[in-house]
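Residue-level structural notes
One letter stands for each residue in the lines below.
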Amino acid sequence: MVFLSSFFRTLLLVIAPAVVAGADVNYVFNIDNSNVAPDGFSRAGVIVNGVFPGTLIQANKDDVLHIAVNDQLTNPTMRQSISIHWHGLFQMRTASEDGPAMVNQCPISPGHSYTYDIPLNGQSGTFWYALSLDHLSSQYVDGLRGALVVYDPVDPHLGLYDVDDASTVITLADWYHKPAPGMEDIFLQGNDEPIPDSGLVNGVGRYNGGPTVVRARVNVIAGKRYRFRVINISAYAAFRFSIEGHDLTIIEVDGISHVAHTVGGFDIYVAQRYSVVLNANKPVANYWIRGPMTLQHDSDNPNLDTRNVYAVLHYSGAPNADPTTQADQGPNNILEEYQLAALENPGAPGGNAPADRSIDLNFSQDVTNGRLEWTINGIQYQSPDLPTLLNIIANGYSTESNFTRPEHTFVLAPNQVIELVIHGSSHGNATLQSRCSPTDSLHGHAFDIVQSMQGPPNYVNPPRRDVVGVGGSTVIIRFRSDNPGPWFLHCHWHLEAGLAVVFAEDPNGQRTGPKAQIIKQSWLDLCPIYKALPAGLQ
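Just so we're clear, the structure is a prediction, and the values are computed from it rather than from any experiment. Each chain carries its own residue numbering, running from 1 in the direction its sequence is written. Reporting of local features is limited, given that this is a predicted model, to residues whose pLDDT is at least 70; pairs of side-chain atoms are given and counted only at 80 or more, and all residues count toward the totals for whole chains, interfaces and linings. Just so you know, side-chain values use all the structure's heavy atoms and leave hydrogens and water out.

1. Considering the overall build of the chain
Along the backbone of the chain there are six helices and 35 strands. Each radius of gyration reported is based on C-alpha atoms, and the globular scaling rule is 2.2 Å times the count of residues to the power 0.38. Taken against the 2.2 N^0.38 rule, which gives 24 Å for 538 residues, the C-alpha radius of gyration of the chain at 22 Å falls within 12% of a compact globule. A principal-axis box enclosing the C-alpha atoms of the chain has dimensions of 70 × 50 × 50 Å. Under the scheme applied here, a residue whose accessible area is under 20% of the maximum for its type counts as buried, over 50% as exposed, and between as partly exposed, the area being computed with a 1.4 Å probe on protein chains only. Residues classed as buried in the chain amount to 62% of the 538 residues present. In what follows, residue pairs with any heavy atoms lying within 4.5 Å of each other are defined as contacts. Sequence-distant contacts, at least 24 apart, represent 77% of the contacts inside the chain between residues at least 6 apart. Distance from the positive charge centre (31 side chains) to the negative charge centre (51 side chains) of the chain: 3 Å. Helix numbering and strand numbering both begin at the N terminus, where a helix is a DSSP run of H or I of at least 4 residues and a strand a DSSP run of E of at least 2. By the counting scheme adopted, Arg and Lys are positive, Glu and Asp are negative, and His together with the chain ends is not counted. Think of each charge as sitting on NZ of Lys, CZ of Arg, CG of Asp or CD of Glu.

In C-alpha cells form, the structure reads like this:
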C-alpha cells in the first residue's frame, strides 16, 4: 500500500473544483441482487433500485448529474464489485467519471458507495448506462443497464414532434437466465458466445416454453407526433426495429442530430441509439412494435425465439389487446447507415486530406492452450493493476512505452485528426465503444464514419455517432483528439478474451491546462478500498 499512497499524495496536488452550470440533478442507485422475471423466468440479478431496466435518468443539457451508487451486492454466483459506464457522454474534464474499471477508475467495492458527478456541458441526446468493463464487463448481462436521456429545450428538430418524455423511451435487450460469470467461464474455454434466452422490449419478453407474459405497451393518441428514443442495451444481440403500418423519421443517432431521414425500419446494434418521429395518423387500433433479433449461432439456446420480440403500439380508444394482424411481417425501406448525414457542422475532420495519424486495427480470434484469445493487432488486452487515468495523472505516464504491451495503449497528440481503419472479423462483431454485435464504440467522442459497412466513402456529410457496425468488413472513422483522457475501444463479451485498446489522449493536457482532469478525493479512495478486498470479491 506504500506504492498506492505515494500516488494519492501526488494526486491531491491536482484536485480542482468542478465548474457547475444548470441544475443539480440527483439520483440514487441501490445496486443489489433483487429477483426479476422480465420474461417470466425468475432469477437474481445485478439490479438497479429493484427494477429492470434500471431507473431512467432524465436531465437537461446544462445540468450536472449526481448519481450516488450504493453497492449492496452479496450473491457469490455474480461479481460483487461494480463501476458504471455512461455510454455516449463525452466527460470533458471528468474522465474519472466515465466508468470503465482499471481504465478510468477502480471499482466500487461491495458495501461501499461512490457518487458520479457529471457536468453535461451542453451535450444532449439519447444515451444509456451499464455496468462497466474490464474483467467486470460481462456483469451488466445480469441486469445493470438502463436509459439516460438529456433534453435540449432548443432542439433543432423540436418542431417535428409533440411528445418526448419517459413514455417514449423504448429499450431493446437480450436477457439471460444464467449468471454471467458461469457463462463467461465456458466461453473463455474456446466456445461460442453465450446466447440469450429471450429478447425484451421495455423489459418484457417471452421464451420458448415459458409463460405468456403480457407484452409491453406504448400508448399514443391519434393526431399526435411522438419522438421515440430507441436504445439497444444488449450484450450481444442486434435488432431490426419497426412499427407496423408507420414510417419512422430518424432525427438523432447516438446523441447527434441528423438530417431527418424517413425509413420503414432499421437495424440497431449493441449500444446504438436512434430517435425517430412517429406520426400517430393511422386508424385507432393496436399495431405491432417489432424487434426480431440478429445474432450468430442463435440455435445454441433452444429457449430463444429470435422472432418473438414484440410490443404493442396502442392508440387511445383501441381495445386492450394484442393486434389482430400477423406479427412476423418485416418492414420495407430498411435504413442503410451511409444514408445518414449529421445535421450540424457536417463533414469529417480534415475532409478527404490525409489524417494527422492513421491507425489500423485488425481483429482476430484464436484458441491457445484451451483458452479463447481475441486480439487487436496481435495483442490480447489485459488491464493494469491501477487505472490508466491514475497512472497518467499521478505517475506521469505520457508515452506509449510507459504502458505495458498487454495494456495496448495508443498515445494521441492533442488536436489532431485521427483516422481509425477497423478490420473486423467474420467470427464476431465489433462496436466503437467496441461492442461485438457487429459493432465498435469509442468513449469520449463521436466520430464521422467515412467508410461504413455499406456504401461509398463520404468525407463531405457522413454519419456521425459513437457506435459503428463492423462485422467482417473494413470501416473507417475519423475524430479530432480534442478531449484529453483515457478512452476505451472494446467489445463486451469479447473484452473478457482481450478485444480492446485504450487511447490515452493528450496526457499532458490531462494533468494541466484548461482541459485538465478534475480529481475528487472520493475517487482516490476507491483504489485502496478495492485493493484490500480478497481476490474473490475483485
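2. A few points about the sheet that holds strand E8 (residues 113-119)
Strand pairing in a sheet relies on backbone hydrogen bonds, with the paired strands running either antiparallel or parallel. Following DSSP output, two strands are said to pair if at least two bridges run between them. Across the sheet, which stays open at both edges, the four strands sit in the order E4-E1-E6-E8 with mixed pairing between neighbours. The sheet terminates laterally at strand E4 (47-48) and E8, the two strands that pair on one side only. As defined by bridge partners, strand E1 (residues 24-32) adjoins strand E6 (residues 64-71) across eight bridges and the pair is classed as parallel. Bridge assignment links Val28 to a residue of E6, and that residue is Ala68.

3. Some thoughts on the state of the cysteines
When the sulfur atoms of two cysteines share a covalent bond, that bond is a disulfide. Sulfur atoms of two cysteines make up a disulfide when they are within 2.5 Å. Evaluated as defined, the whole model comprises one disulfide. The partner cysteine of Cys106 in its disulfide is Cys527, sulfur to sulfur 2.1 Å. Note on the Cys106 and Cys527 pair: the S-S dihedral is about 90 degrees, so by sign convention the disulfide is right-handed. Pair noted here: Cys106 is in the loop between strand E7 (84-87) and E8 and Cys527 is in helix H6 (residues 521-531), with a separation of 421 residues, a long-range link. Just as Cys106 is buried, Cys527 falls in that class too.

4. Quick notes on the side chain of His177
Positionally, His177 belongs in the loop between strand E11 (169-175) and helix H2 (180-187). In terms of polar contacts, His177 uses its side chain to reach the side chain of Asp39, at 2.7 Å. With sequence-adjacent residues up to four places away left out, His177 is seen in contact with Asp39, Phe41, Arg43, Asp197, Tyr207 and Asn303. N or O atoms closer than or at 3.5 Å make up a polar contact, with two conditions inside protein: a donor-capable atom paired with an acceptor-capable one, and, for residues adjacent in sequence, both atoms drawn from side chains.

5. Considering unusual backbone geometry
Cis geometry is found at the peptide bond from Phe52 to Pro53, where omega equals -10 degrees. With respect to the helices, strands and loops of the structure, Pro53 is situated in the loop between E4 and strand E5 (57-60). Positioned with a positive phi, Met102 is a non-glycine residue whose angle comes to about 65 degrees. Tracing the sequence through the fold places Met102 in the loop between E7 and E8.

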